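Observations on the model geometry
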Amino acid sequence: MCLKYNSDYIMEKDFDYNSIPKTYLYCLNAKCTRFAKCLRYQAAIHANPKLASISVVNPSYIAGQEKDCPHFQPDRLSRFALGITNLLDKIPHAQAVRLRDSLYSHLGRSMYYRIRNRERLIHPEEQEFIRQLFLRYGIKEKPVFDEYVELYDWKE
């Protein structure tokens, strides 16, 4: 899943195209000063040739604002967590119940159990929310997730 770069700073073709959502917005602006480090551009130039069409950012819209492009997405892996089966184990019961209820409220009960059962990844922003929730409840230990995986963040 890790990507390698050749000498021209172009993504190698061992990329898993199936991980890109169908609604992902690509970019083909080769005049951009940050194209070599933009995930949208790198994904676009290696788009699956079996795709009849892809959605792209309008180059006229972003012309001249490359430094502050609202669609720029860094071409780097993010650290997602997977599973929270032991998240509340070392926390006193009363605090654990309140914390779990706060997670239910924020994520929804169904999503909480999908995350708990390792059916859905925990985005870095959600991990930070959980860390802040621990602090809010006076828990100084950092949350412990079951495992971590490094993947591209195809957020929109």
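Above this text sits the structure in question.
Throughout what follows, the structure given in this document is the object of discussion. (Residues numbered from 1 in each chain as written. Predicted model: local features only at pLDDT ≥ 70, side-chain atom pairs only at ≥ 80, totals over all residues. Heavy atoms only, no water.)

Looking at helix α5 (residues 124–136)
Count 3.6 residues to each turn of an α-helix, and residues three or four apart come out pointing the same way. Compared with the 18 Å implied by 1.5 Å per residue over 13 residues, the 18 Å span of α5 between its first and last C-alpha is a close match. Taken together, the buried positions of α5 are E126, Q127, I130, L133 and F134. The arc enclosing the buried residues of α5, seen along the axis, measures out at 115°, which places them on a common side. Structural note: α5 exposes E125, L135 and R136 on the side pointing more than 90 degrees away from its buried face. Contact partners of the buried residues in α5: β3 (77–82), α3 (93–107), β4 (121–122) and β5 (147–152). In the segment just after α5, G138 is the residue with positive phi, at about 75°. (Helix = DSSP H or I, 4+ residues; strand = E, 2+ residues; numbered from the N terminus. Expected span 1.5 Å × (residues − 1). Buried < 20%, exposed > 50% of the residue type's maximum accessible area, 1.4 Å probe, protein only. Arc of directions from axis to C-beta. Contact = heavy atoms within 4.5 Å.)

Looking at the packing of aromatic side chains
The full count for this structure, using the stated rule, is eight aromatic pairs. On the numbers, 5.0 Å between centres and 70° between planes, the contact of F35 with Y41 is edge-to-face. Under the relative-accessibility criterion, F35 is labelled partly exposed at 26%. The buried category is assigned to Y41, whose relative accessible area is 10%. (Phe/Tyr/Trp six-rings, centres within 6.5 Å; stacked < 30°, edge-to-face > 60°.)

Structural notes on the nonpolar core
Among the nonpolar cores identified, the biggest contains 19 residues, and L99 and L103 are the most heavily contacted of them. Sorting the residues of this core by element identifies α3, α4 (109–116) and α5 as the ones contributing at least two each. In terms of residues, this core owes the most to one element, α3, which gives five residues. Excluding residues that lie within four positions of it along the chain, L99 makes contacts with L88, I91, L133, F134, Y137 and I139. By size, the runner-up hydrophobic cluster in this structure holds eight residues, among which are Y24, Y26, A43 and W154. (Core = buried A, V, L, I, M, F, W, Y, C linked by side-chain atoms within 4.5 Å.)

Overview of the environment of E147
With respect to the element layout, E147 can be found in strand β5. Remark: the alpha-carbon pair of E147 and L82, spanning 65 residues in sequence, is separated by 5.3 Å. Those residues in contact with E147 that lie beyond four places of it in its chain are F80, A81, L82 and R118.

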